[in-house]
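Structural overview
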Amino acid sequence: MASLQLYGVKTPGLALSSKRLEFASKGACFSVTLPSSSAVFRDVEHSCRNIGLRVSCEALRVDLLQRKEPETCDSSGTGKELTCVMKFGGSSVESAERMKEVANLILSFPDERPVIVLSAMGKTTNKLLKAGEKAVTCGVTNVESIEELSFIKELHLRTAHELGVETTVIEKHLEGLHQLLKGISMMKELTLRTRDYLVSFGECMSTRLFSAYLNKIGHKARQYDAFEIGFITTDDFTNADILEATYPAVSKTLVGDWSKENAVPVVTGYLGKGWRSCAITTLGRGGSDLTATTIGKALGLREIQVWKDVDGVLTCDPNIYPGAQSVPYLTFDEAAELAYFGAQVLHPLSMRPARDGDIPVRVKNSYNPTAPGTVITRSRDMSKAVLTSIVLKRNVTMLDIASTRMLGQYGFLAKVFTTFEDLGISVDVVATSEVSISLTLDPAKLWGRELIQRVNELDNLVEELEKIAVVKLLQRRSIISLIGNVQKSSLILEKVFQVFRSNGVNVQMISQGASKVNISLIVNDEEAEQCVRALHSAFFETDP
Ligand SMILES: Nc1ncnc2c1ncn2[C@@H]1O[C@H](COP(=O)(O)OP(=O)(O)O)[C@@H](O)[C@H]1O
Ligand SMILES: N[C@@H](CC(=O)OP(=O)(O)O)C(=O)O
């Protein structure tokens, strides 16, 4: 038997009984006693609906997984609510020195009562993945000498020493990591599920170190593993999606604990728990941004701050052009499009919870906290906006598909897209006429797969499409996305084509589509960076 609490209750004080259920009203909470089988989850949901309670199987499952007894919200804290999320990425917490600076930064906002979200230290996630790959082939006796394992151990132990906190806070994890790598090397295989478990050590350790440090300097803090506090996801290992049930569960734990002890919550970014597998999942690379916005929405906070190593969202990738400037304002739609089309600065799905909860997101530089950064909100004054940012997505596969039938035949586009659906391949940019279609394949989805699988999928795709069309497969293309005010598309395109002409570059496909903020152009990979630099100069560095 398990004890549950239900969320989303509409009518406080309502009592219900049935053969299998016992609801006892407790303010807005109801506890229920039932055996833990999924059939019963459905029964409970159904019964609740019948009496006007809005709950989902997922919400029930979350609480059952936590197996928490109903608690009274007796508060011994200050009664002041949490105000914002502050997320610090790997670049912001790469060393003890950086962690100290981040702690100072947090303390320099005495009016804020933040939830802290941290990524793994520096490049730890990459190193963990590399260590996992080496473990597959190196043999159990050689795991000890995997360079990346030694690096991670040394980094975290040194950080503990330099912060002056007990190494015991991470020792169990370091030992667990070592054992896991031995396991991988025995099995000679690294599944996606194991990969997620492997990388979770990064966030689990960074948050433990940081929370211990805050406590050491007299700032009460409490560490949380996201997968223990209700971050419930799909079971898509390495790219899991957050489920609705996460919001009430996370809010209940964080707000409940805060109201009792006023300890700054320090939460692992990037991680969740698969709702069927109950195993640790990850939200895709850079997923801590999504953790932050999810907490912001769950708790209805005033602001979500995402602290990076750049002065906010920039006019283009500074690695392509160091003269990129910071963009002061963006809408959620612009930021989402920018992230989706490849700007590494934000996780592609991270704007969704912020937009749903209408919570402003501020992108700031932890190395330069006085810089204003970028504020992302639902709407902004677009009257003067032309181009906001230029984004590059490299190594894209493009398909030219021309119907073998004549003009006036219907159903061609439907057949093409059915083929994509059947093969589970998603499409990025599309331009069509009645009898031909050019499109690019989403590289994130395609390149995430094993090489053999990828080649097979492309072969199958072309084979299927060739039944109705002449197909040309074009590799090594780049999408240049122009994020801005599409209302001024003629002005933007006039300038773009001038730039391309003077650089001798031919655009191979162009799509404005339904998006109100993005014009996409496809060029050859080798021409792409030069184009971005030339466009940047034309749009941002010359007088209007
Ligand atoms: N348009 C852009 N604006 C800002 N940064 C960008 C942009 N495109 C790419 N970047 C890169 O994104 C990096 C920040 O993202 P990320 O490495 O995920 O930060 P963090 O680890 O702090 O979360 C920057 O250092 C920069 O190199
Ligand atoms: N550590 C994870 C998650 C993350 O969000 O990292 P960062 O905030 O450093 O991009 C990654 O490297 O993907």
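What this report covers is the structure whose coordinates are included nearby. (Residues numbered from 1 in each chain as written. Chains lettered and ligands numbered in written order. Predicted model: local features only at pLDDT ≥ 70, side-chain atom pairs only at ≥ 80, totals over all residues. Heavy atoms only, no water.)

Examining the overall build of the protein chain
Looking only at helices and strands, the protein chain features 16 helices and 20 strands. Expressed as a percentage of its 544 residues, the buried residues of the protein chain come to 53%. Nonlocal contacts in the protein chain, meaning residues at least 24 apart in sequence, comprise 74% of its contacts between residues at least 6 apart. Accessible surface, the protein chain as shown: approximately 24,700 Å² in total, 51% of it carbon and sulfur. (Helix = DSSP H or I, 4+ residues; strand = E, 2+ residues; numbered from the N terminus. Buried < 20%, exposed > 50% of the residue type's maximum accessible area, 1.4 Å probe, protein only. Contact = heavy atoms within 4.5 Å. Areas by Shrake-Rupley, 256 points an atom, 1.4 Å probe, with all protein chains shown as cover.)

Some thoughts on the state of the cysteines
In the structure shown here, the tally under the stated rule is zero disulfides. The thiol of C531 is unpaired, and the distance to the nearest cysteine sulfur, on C316, comes to 13 Å. (Disulfide = S-S within 2.5 Å.)

Some words on the pairing of strand β15 (residues 387–403)
Counting buried positions along β15 yields 13 of 17 residues, so the element is predominantly enclosed. Across six bridges, β15 lies against strand β17 (residues 436–441) in antiparallel orientation. Paired with L399 across the strands is L439, a residue of β17. (Pairing = 2+ DSSP bridges.)

So, the site of ligand 1
Taken together, 17 residues lie near ligand 1, and K87, S91, K308, D309 and L314 sit nearest. For ligand 1, an oxygen atom lies 3.1 Å from a polar atom in the side chain of Q344. A total of 570 Å² of accessible area belongs to ligand 1 in isolation, and the protein chains cover 88% of it. Its residues assigned to classes, the shell around ligand 1 shows seven nonpolar, six polar and four charged. (Near = heavy atom within 4 Å. Polar contact = N/O pair within 3.5 Å; in protein donor to acceptor, adjacent residues only side chain to side chain. Nonpolar A, V, L, I, M, F, W, Y, C, P; charged D, E, K, R; others polar.)

Comments concerning the sheet that holds strand β7 (residues 232–233)
Within the open sheet, the three strands sit side by side as β7-β9-β10. Their pairing is mixed. Looking along the sheet, the strands with just one partner apiece sit at the ends: β7 and β10 (280–282). As judged from the two bridges shared by β7 and strand β9 (residues 271–274), these two strands associate in the parallel manner. In the strand pairing of β9, T233 is matched with G274. Sitting on the sheet, helix α7 (residues 192–216) touches β9 and β10, and the angle it makes with β10 is about 80°. (Axes fitted to C-alpha atoms, helices over the stretch in contact; angles between N-to-C directions.)

A short note on the site of ligand 2
Near ligand 2 the following residues occur: K87, G89, G90, S119, A120, T125, E203, Y270, R285, G286, G287 and S288. One of the backbone N or O atoms of G90 is found 2.8 Å from an oxygen atom in ligand 2. Backbone polar atom of G286 to an oxygen atom of ligand 2: 2.9 Å apart, as the coordinates give it. Protein chains bury 83% of the 330 Å² of accessible surface belonging to ligand 2 in isolation. In the shell around ligand 2, the residues fall into two nonpolar, seven polar and three charged.

Some details on α7
Here α7 is 25 residues long and its end C-alpha atoms lie 37 Å apart, about the 36 Å a rise of 1.5 Å per residue gives. Phi turns positive, to about 90°, at G218, one or two residues after α7. (Expected span 1.5 Å × (residues − 1).)

Focus on the sheet that holds β17
Pairing is antiparallel in the open sheet, where six strands are placed in the order β16-β17-β15-β18-β20-β19. Each end of this open sheet is capped by a strand with a single partner; those strands are β16 (427–432) and β19 (509–511). In this sheet, neighbouring strand axes are inclined to one another by 30° on average, regardless of whether the strands run parallel or antiparallel. In terms of strand pairing, β15 meets strand β18 (residues 469–484) through 13 bridges, oriented antiparallel. By the bridge assignment, K393 is partnered in β18 with I479. Sheet contacts for helix α15 (residues 489–502): β15, β18, β19 and β20 (518–524); angle to β20, the most-contacted strand, approximately 15°. Here helix α16 (residues 525–540) sits on the sheet in contact with β15, β18 and β20, set at roughly 140° to β15.

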